[in-house]
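# Secondary and tertiary structure notes
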Amino acid sequence: MNAKDYLGQAYRLDQRITSKLQQVESLRSLTERVTVAYGGEVVSHSRNLTSLQDTIVRLMEAEEELNQEIDKLVDLKIEISNIISEVRNESYRLILEKRYLCFLPWDKIAADLNISRRWVLIQHDRAVNVVDRLISKRSVS
């Protein structure tokens, strides 16, 4: 795995978490849709209860999956942070952190660092080469 793929894992995992959050929210809204029947006739609600119970079970399962994904993201961010911390050049480190741990777009990184977008991209390429060498050293050891 090259450095860009390695560093980009956290962003992809973050996107999956966002998707799961949307799924959980959708299931949660389904469980909150309760209708009250006004009138004299009593109607059996066993089908609706079963459906509600199924939705609640799915919600609980989705929340568990979400928690597992969040745990993975935290672990992965710690791992990526550790390898970025090995980069000696402070500017490279800062660009890598902003891009791969904070998920900032290039223009925002450039504005934060008060440098041009082009210079950010040049320094990013150099920083990725450093990370490639660090990853190679780890895999050899």
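For clarity, every value in this text was computed on a predicted model and none was experimentally measured.

## Topic: the nonpolar core
Soluble, globular proteins show a tendency: their nonpolar side chains are buried together. Of all hydrophobic cores here, the largest spans 27 residues; its most connected members are Leu-7, Ile-80, Ile-83, Ile-84, Val-87, Leu-96 and Val-131. For this core, the secondary-structure elements that each account for two or more residues are helix H1 (3-32), helix H2 (46-85), helix H3 (90-100) and helix H5 (117-140). Aside from chain neighbours lying at most four places away, what touches Val-87 is Tyr-92, Arg-93, Leu-96, Val-130, Val-131 and Leu-134.

## Observations concerning the packing of H3 against helix H4 (residues 106-113)
It is the contact of H3 with H4, at a shortest axis distance of 10 Å, that shows an interaxial angle of 140 degrees. Taken as axis vectors, H3 and H4 run oblique relative to one another. Handedness of the crossing formed by H3 with H4: right-handed. Side by side, H3 and H4 meet where Leu-94, Ile-95, Lys-98 and Arg-99 of the first sit next to Trp-106, Ile-109, Asp-112 and Leu-113 of the second. The residue inventory of the contact of H3 with H4, partitioned by class, reads five nonpolar, no polar and three charged.

## Details of a negative patch on the surface
Residues Glu-64, Asp-71, Asp-75 and Glu-79 make up a contiguous surface patch of negative charge. Assessed through its relative accessible area of 37%, Glu-79 is described here as partly exposed.

How each quantity is defined
- Residues numbered from 1 in each chain as written.
- Predicted model: local features only at pLDDT ≥ 70, side-chain atom pairs only at ≥ 80, totals over all residues.
- Heavy atoms only, no water.
- Core = buried A, V, L, I, M, F, W, Y, C linked by side-chain atoms within 4.5 Å.
- Buried < 20%, exposed > 50% of the residue type's maximum accessible area, 1.4 Å probe, protein only.
- Helix = DSSP H or I, 4+ residues; strand = E, 2+ residues; numbered from the N terminus.
- Contact = heavy atoms within 4.5 Å.
- Axes fitted to C-alpha atoms, helices over the stretch in contact; angles between N-to-C directions.
- Parallel < 35°, antiparallel > 145°, perpendicular 65-115°, else oblique.
- Left-handed = near helix turned anticlockwise from the far one by under 90°.
- Nonpolar A, V, L, I, M, F, W, Y, C, P; charged D, E, K, R; others polar.
- Patch = residues over 30% accessible without salt bridge, like charges linked within 9 Å, V, L, I, M, F, W, Y side chains within 5 Å.
- Areas by Shrake-Rupley, 256 points an atom, 1.4 Å probe, with all protein chains shown as cover.
- Salt bridge = Lys/Arg side-chain N within 4 Å of Asp/Glu carboxyl O.
- Lys, Arg positive; Asp, Glu negative; His and termini not counted.
- Charge placed at Lys NZ, Arg CZ, Asp CG, Glu CD.

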